[in-house]
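Examination of the molecular architecture
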Amino acid sequence: MIENVIEFFKNLPAKSCTTCGKDIEEQHECYSNQCDECNIV
Ligand SMILES: [Zn+2]
């Protein structure tokens, strides 16, 4: 069923970081809608 999840995310529009507004390209889907920089705690 993993393939279905991949297809689901492929069909999603490009995400933008909710903190800095930067476009998020290939990020881990499990992360929040933030870029790598903003994900650093
Ligand atoms: Zn950011």
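Within any chain, residue numbers begin from 1 and follow the written order of that chain's sequence. Totals for whole chains, interfaces and linings use all residues, but because this is a predicted model, local features are given only for residues with pLDDT of at least 70 and pairs of side-chain atoms are given and counted only at 80 or more.

1. Section: the overall build of the protein chain
Only DSSP runs of H or I reaching four residues or more are called helices, and only runs of E reaching two or more are called strands; each is numbered from the N terminus. Scanning the protein chain from N- to C-terminus turns up two helices and two strands. Taken from N to C terminus, the helices and strands of the protein chain fall in the order α-β-β-α. To sort residues by burial, count the other C-beta atoms lying within 10 Å of each one's C-beta; a count of 20 or more means buried, 12 or fewer means exposed, and anything in between means partly exposed. C-beta atoms are built from the backbone. Here the protein chain holds 41 residues, and the buried ones make up 2% of them.

2. Some details on the environment of Ser 32
Relative to the elements of secondary structure, Ser 32 occurs in the loop between strand 2 (23-24) and helix 2 (36-39). Its 11 C-beta neighbours within 10 Å are what place Ser 32 among the exposed residues. Taking the C-alpha atoms as reference points, Ser 32 and Thr 18, 14 residues apart in sequence, are found 8.7 Å from one another.

3. Quick notes on the environment of Lys 22
The topology assignment puts Lys 22 in the loop between strand 1 (15-16) and strand 2. Residue classification places Lys 22 among the partly exposed residues on the basis of 15 C-beta atoms within 10 Å.

4. A few points about the confidence of the model for the protein chain
Values of pLDDT, ranging from 0 to 100, describe the predictor's confidence in every residue of the model. Within the protein chain, residue pLDDT values average 78, and 83% of them lie at 70 or more. Element-level mean pLDDT values for the protein chain span from 80 in helix 1 (residues 2-10) up to 86 in helix 2.

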